[in-house]
Amino acid sequence: MTLRGSLRWLVLCGLWLGLAQPLHAEVLVSAASSLSEVLTVIAARFEAASGERVQLNFGASNTLARQIMAGARVDVFISADQTQMDRISADIAPGTRIDLLTNQLAIAVRRGTSDVKTPRDLLLPSVRRLAIGDPAAVPAGVYARQYLEKLGLWADLQPKIVPAGSVRLALAAVESGAAEAAIVYATDVAAAAQTSTAFVVPAADGPRIVYPGTVVKSTRNAAGARSFLAFLQTAEARSLFTTAGFGVIAPATR
Amino acid sequence: MALFDLEIDFTQGHFSLAVSVQTQARVLALYGPSGSGKTTTLELIAGIRTPARGRIVVDGQYYFDGNAAASMPVRERRIGYVPQDVLLFPHMDVRRNVEYGWRGDATRAAMLAGLLELEPLMARQVQSLSGGERQRVALARALNASPQLLLLDEPLAAVDLARRARIIEALTRVRDELAIPIVYVAHAKEEVRALADVTIVMDGGRVVAAGPSASVLP
Amino acid sequence: MSPEIREIALFTSLAALVATVVMLIPGVGLAWLLARRPFPGRSIVETLVSLPLVMPPVATGLVLLWLLGRRGPVGRVLERIGIEIVFTPTAVVIAMAVMGLPLLVRTARVGFEQNTHRFEAIAETLGAGPWRVFTSVTLPLASRHIAAGALLGFSRALGEFGATIVLAGSIPGRTRTIAVGIYSFTETGRDADALALLGVSVALAFVAVLASNRIAGTAS
């Protein structure tokens, strides 16, 4: 290798080492992807208010839980359901687990083209396919199935059901016309341009959908992690969550 | 004059080779039809193949000794080998080929450059060389490594008739001026007569006749 | 192009480049070993190397996560010397390198399987030792295949998704690559940004394929 070539590699490696510096005094938050928009805004407010730096890592709650179980150095974990939070119970910093938010199910349809007004309308022949999250894996799908079973519609609707890998994919099926309707979270419908909400499942009728959060035991920035979790319960954060369509739960550490 | 003491047993698949020759020669020719084992014999001397039994000794230098189960590593043999397809390194230009095995003998390098008329070729890519040019470059590459023995496999095969005389002249000068013993594979009588003092006639892996070229190849 | 998109594109290209450099030495070594040195357990090594090619990338990511996580057999040792992998740019490089390696090995191996033994023998008659024979003859004669393999590995690294998101997560400004970014952006309704990244990825793929065609062209 020529001297110039070696130099080039040296520069490259140097650049890389610079990039790969470990995180210092930052709060790394692993959160369910349905929270990405609102949490990005809230994290910025938190940074301004506290001087801490926040890194956000969004993904499917079950993947995030698995990463924590493998020992990923996460400071705060916010799950889209209790099951995934229960899986990491050994990694929860004692006394920090808290139920933060609620969400509701909603029926999404293509904007302006549907005669679906109530859940029973899903039986109409004009609804040929109904997209939901995969009820075997995706929390939103589990909730959708529970709800349809409670209404006694599951058996009749089952031939129409298209299981999707995520809530967003269920919505994409409606956007593209592959499905006439989807059952997703109320907060997701707003994010998709081509769809509108036909029906929001009243909190009393639907399954209880709760987003719990916690400080992870292995954190190196316990103070920062705790103050971030606390910030999510301030009036400022609550109003942002509400605007995004989430319900907020009164602080109740368990 | 070099003393050749070859006692070789070699088998590969259905082909078996048995050579037994003790002779003195400056240039030893291996003569015979294709498939008679000439090239295999060269490769055995070079060390690219290993005999099952026997010995390969040239001027007292043991290259292979079946009794002691000793085979000198190829790179220590100091044998210059120019195969029929010359095998110039395709990813190097002529100069890098010629200098590949150079042992620092500047006088020899200069002499070879003149003898083989290499200067105009030095910057060329080997793909652009003619058959005769390749042969000259391969010869220079082998000789630059200061070999104690030179093996040539049909050096004239890829050279057109008009240029053969020049190669023969160059080989004669290598023989006379560098005084390196040569083993030479050929199947044209005139060529053998012009260069080799002793000829071994081979057929089917066996030595059919051996002796002074003039008497073996009338 | 927004600064965020540009940063993701730059980071991904750099990470893929580093991953290619990282996989080059073990990749060429393995290719040579598999092509030239029959050894006991060769088929097992061969299978292991090719595994990421046939396994779902997410599964490869899970295996890496299990190995390199702080509680994993390798991660535990690394933690003791102060190195953490999961959720770092290094994790991105490792995921990319592991996924790209089989392509490099399989392509480079063909280069070493060419019949160059006689060239090597000639080099030996000229006094070259094993290392010189390898570096001056074997390696250059396989260089075109190695280059093509490296480019394939690089392209694979550029598009790597499944293993990356499991091992490195999707942290903006830190581990978010083009592929992970496209996924995250579509997941969160940022379709315009996803589209911009898609454009970048098409452009990069175009350049990579063009380069590999040029290498293939000079080979014939």
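Residues numbered from 1 in each chain as written. Chains lettered and ligands numbered in written order. Predicted model: local features only at pLDDT ≥ 70, side-chain atom pairs only at ≥ 80, totals over all residues.

How would you sum up the overall build of chain B? Please name residues and give values.
Summing up its helical and strand segments, chain B has seven helices and 11 strands in all. With respect to the three principal axes, the spread of C-alpha positions in chain B is 45 × 40 × 35 Å. Counting all 218 residues of chain B, 43% fall into the buried class. Restricting the contact set of chain B to residue pairs at least 6 apart, pairs at least 24 apart contribute 70%. (Helix = DSSP H or I, 4+ residues; strand = E, 2+ residues; numbered from the N terminus. Buried ≥ 20, exposed ≤ 12 C-beta atoms within 10 Å, placed from the backbone. Contact = placed C-beta atoms within 7 Å.)

Just give me the short version of the overall build of chain C, but keep the residues and values in it.
The helix and strand inventory of chain C stands at 10 helices and zero strands. Listing every helix and strand of chain C by position from the N terminus yields α-α-α-α-α-α-α-α-α-α. Considering only C-alpha atoms, chain C reaches an extent of 65 × 45 × 30 Å along its principal axes. Within chain C, buried positions represent 51% of all 220 residues. Sequence separation of 24 or more characterises 74% of the internal contacts of chain C that already satisfy a separation of 6 or more.

I'd like a description of the packing of helix α6 (residues 117-125) of chain C against helix α7 (residues 130-159) of chain C, backed by residues and values.
Residues and elements named next belong to chain C. At a minimum axis separation of 10 Å, α6 and α7 run at an interaxial angle of 160 degrees. It follows from the interaxial angle that α6 and α7 lie roughly antiparallel. In this structure, the crossing between α6 and α7 has a hand that is right-handed. Every residue of α7 that contacts α6 at Phe119, Glu120, Ala123 and Glu124 is listed here: Val133, Ser136, Val137, Thr138 and Leu141. Tallied by class, the residues present in the contact of α6 with α7 amount to five nonpolar, two polar and two charged. (Axes fitted to C-alpha atoms, helices over the stretch in contact; angles between N-to-C directions. Parallel < 35°, antiparallel > 145°, perpendicular 65-115°, else oblique. Left-handed = near helix turned anticlockwise from the far one by under 90°. Nonpolar A, V, L, I, M, F, W, Y, C, P; charged D, E, K, R; others polar.)

Any chance you could break down the packing of helix α4 (residues 131-144) of chain B against helix α5 (residues 161-178) of chain B for me, citing the residues and the numbers?
Residue and element names in this part refer to chain B. α5 packs onto α4 with a crossing angle of 10 degrees between their chain directions and a minimal axis gap of 10 Å. Taken as axis vectors, α4 and α5 run roughly parallel relative to one another. In the packing of α4 onto α5, the handedness of the crossing is right-handed. When α4 is examined against α5, the residues Gly132, Gln135, Arg136 and Leu143 are found in contact with a partner set consisting of Arg163, Ile167, Ala170, Val174 and Leu178. Here the contact of α4 with α5 is built from residues that sort into five nonpolar, two polar and two charged.

Pulling in residues and values, what's your account of the sheet that holds strand β2 (residues 53-59) of chain A?
Residues and elements named next belong to chain A. Pairing is mixed in the open sheet, where six strands are placed in the order β2-β1-β3-β10-β4-β11. Each edge of the sheet is formed by a strand with only one pairing partner; in this case those strands are β2 and β11 (247-248). Of the strand pairs in this sheet, strand β3 (residues 76-78) and strand β10 (residues 209-215) are connected by three bridges, and their pairing is antiparallel. Bridge assignment links Phe77 to a residue of β10, and that residue is Thr214. (Pairing = 2+ DSSP bridges.)

Explain the interface of chain A and chain C residue by residue, including any values.
Chain A puts 27 residues into the contact, and the matching count from chain C is 29 residues. When residues of the side of chain A that touches chain C are traced back to their parent elements, those giving at least two are α1 (3-19), α2 (36-50), β2 and α3 (61-69) of chain A.

Can you tell me about the pairing of strand β9 (residues 182-186) of chain B, naming the residues and giving the values?
All names here are of chain B. Extensive coverage of β9 is indicated by the burial of five of its five residues. With burial as the criterion, each face of β9 is covered, one bearing Ile182, Tyr184 and Ala186 and the other bearing Val183 and Val185. Pairing analysis gives five bridges linking strand β3 (residues 27-31) to β9, with the strands arranged parallel. Across the sheet, Tyr31 pairs through a bridge with Ala186, a residue of β9. Here strand β8 (residues 149-153) pairs with β9 via four bridges, running parallel. Its bridge partner lying in β9, Leu151 is registered against Val183. Taken together, β8, α5 and β9 constitute a β-α-β crossover, and its handedness is right-handed. (Right-handed = clockwise from strand over helix to strand, strands pointing away.)

Hey, could you go over the confidence of the model for chain C for me, with residue numbers and the actual values?
Per-residue confidence for chain C gives a mean pLDDT of 90, with 98% of residues at or over 70. This complex was scored by the predictor with a pTM of 0.79 and an ipTM of 0.90. (pLDDT = per-residue confidence, 0-100.)

Just give me the short version of the sheet that holds strand β5 (residues 105-110) of chain A, but keep the residues and values in it.
Residue and element names in this part refer to chain A. Overall, mixed pairing links the five strands, which are arranged β7-β6-β8-β5-β9 in an open sheet. Each of the sheet's edge strands pairs with one partner strand only, and the pair in question is β7 (161-164) and β9 (195-200). Across this sheet, the average inter-strand angle for adjacent strands is 35 degrees, counted without regard to direction. As paired strands, strand β6 (residues 130-133) and β7 are joined by four bridges and run parallel to one another. Paired with Ile132 across the bridge in β7 is Pro163. Contacts from helix α5 (residues 139-151) reach β5, β6, β7 and β8 (181-185) within the one sheet, and its direction differs from that of β6 by about 125 degrees. Lying over the sheet, helix α7 (residues 167-175) contacts β5, β6, β7, β8 and β9, oriented at roughly 150 degrees with respect to β8.

Which residues make up the interface of chain B and chain C, and what values do they have?
Taken together, the contacts link 14 residues of chain B with 13 residues of chain C. Looking at which element gives the most residues to the side of chain B that touches chain C, the answer is strand β7 (residues 79-82) of chain B, with three residues. In terms of residue class, the side of chain B that touches chain C is built from nine nonpolar, three polar and two charged.

Can you tell me about the pairing of β3 of chain B, naming the residues and giving the values?
Residue and element names in this part refer to chain B. Where burial is concerned, most of β3 is hidden: five out of the five residues are buried. Where burial is concerned, the two faces of β3 agree: the one with Val27, Ala29 and Tyr31 and the one with Leu28 and Leu30 are both buried. Note: β3 against strand β10 (residues 198-203), four bridges, orientation parallel. From the neighbouring strand, Tyr31 faces β10, where its bridge partner is Val201.

Explain the environment of Arg136 of chain B residue by residue, including any values.
Residue and element names in this part refer to chain B. Looking at the secondary structure, you find Arg136 in helix α4. In this structure, the C-alpha to C-alpha distance between Arg136 and Pro212, residues 76 residues apart in sequence, is 27 Å. Discounting residues that sit within four places of it in the chain, Arg136 has contacts with Leu116, Glu117, Leu118 and Ala170.

Any details on unusual backbone geometry? Residues and values, ideally.
Glycine aside, residues mostly have negative phi angles, and peptide bonds mostly take the trans form. All names here are of chain B. For Leu87, which is not glycine, the phi torsion reads 50 degrees and is therefore positive. Its place among the elements puts Leu87 in the loop between β7 and α2 (94-99). A positive phi angle, near 50 degrees, is found at Glu117, a position not held by glycine. With respect to the helices and strands, the residue Glu117 is situated in the loop between α3 (106-115) and α4. Here Glu117 falls in the partly exposed class, since 14 other C-beta atoms lie within 10 Å of it.

Outline the nonpolar core, listing residues and values.
Val76 of chain A together with Ala19, Ala95, Met96 and Leu167 of chain C are the most contacted members of the largest nonpolar core, which has 101 residues in total. Sorting elements by how many residues they give to this core places helix α5 (residues 89-113) of chain C first, with 15 residues. Formed by 70 residues, the second largest nonpolar core is a distinct cluster that contains Ile56, Leu87 and Leu149 of chain B together with Ala121 of chain C. (Core = buried A, V, L, I, M, F, W, Y, C linked by C-beta atoms within 7 Å.)

Would you mind going over the confidence of the model for chain B in detail, with residue names and values included?
For chain B, the average pLDDT comes to 90, and 100% of its residues sit at 70 or higher. Within chain B, the element-level pLDDT minimum falls on α5 of chain B, averaging 84, and the maximum on β8 of chain B, averaging 95.

Go over the arrangement of the chains with me, naming the residues and quoting the values.
The chain pair with the greatest number of contacts, out of two pairs of chains in contact, is formed by chains A and C. With no contact between them, chain A and chain B keep their nearest C-alpha atoms 16 Å apart.

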